[in-house]
Amino acid sequence: MSFSWGLAIIQLLWILIIGVSVYLLVLLIKLARRGIKALDKYIADRPTRNT
């Protein structure tokens, strides 16, 4: 059984892509949570209108 460097490099690239994807997903979730908190604060602080 021979070792294929091409296959090893492709597998490493896939692992790297999956790792970066998970990291970006975590960052996106953190950004969304921060945005929701900012929007909640904005809604709570704005003056209310009587309609």
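Before reading on, note that the structure itself is shown above.
This text gives an overview of the structure that appears in the document. (Residues numbered from 1 in each chain as written. Predicted model: local features only at pLDDT ≥ 70, side-chain atom pairs only at ≥ 80, totals over all residues. Heavy atoms only, no water.)

1. Considerations on the overall build of the protein chain
Here's step 1: Within the protein chain one finds one helix and zero strands.
Here's step 2: Against the 2.2 N^0.38 benchmark of 10 Å for 51 residues, the protein chain shows a C-alpha radius of gyration of 23 Å, more extended than a compact globule.
Here's step 3: Its C-alpha atoms give the protein chain principal-axis dimensions of roughly 80 × 15 × 10 Å.
Here's step 4: Here the protein chain holds 51 residues, and the buried ones make up 2% of them.
Here's step 5: Of the roughly 5,500 Å² of accessible surface on the protein chain, 70% is carried by carbon and sulfur atoms. (Helix = DSSP H or I, 4+ residues; strand = E, 2+ residues; numbered from the N terminus. Rg over C-alpha atoms; globule rule 2.2 N^0.38 Å. Buried < 20%, exposed > 50% of the residue type's maximum accessible area, 1.4 Å probe, protein only. Areas by Shrake-Rupley, 256 points an atom, 1.4 Å probe, with all protein chains shown as cover.)

2. Considerations on the pattern of salt bridges
Here's step 1: Under the definition given, this model contains one salt bridge.
Here's step 2: Between Lys41 and Asp45 there is a salt bridge, and its shortest N-O distance comes to 3.0 Å. With a gap of four residues between them, Lys41 and Asp45 both fall in helix H1 (residues 5-45), about one helical turn apart.
Here's step 3: Of the residues examined, Asp45 reaches a relative accessible area of 53% and is grouped as exposed. (Salt bridge = Lys/Arg side-chain N within 4 Å of Asp/Glu carboxyl O.)

3. Some words on a positive patch on the surface
Here's step 1: A grouping of Lys30, Arg33, Arg34 and Lys37 is seen on the molecular surface, where their side chains present a positively charged patch.
Here's step 2: Residue position: Lys30 is located in helix H1. (Patch = residues over 30% accessible without salt bridge, like charges linked within 9 Å, V, L, I, M, F, W, Y side chains within 5 Å. Lys, Arg positive; Asp, Glu negative; His and termini not counted. Charge placed at Lys NZ, Arg CZ, Asp CG, Glu CD.)

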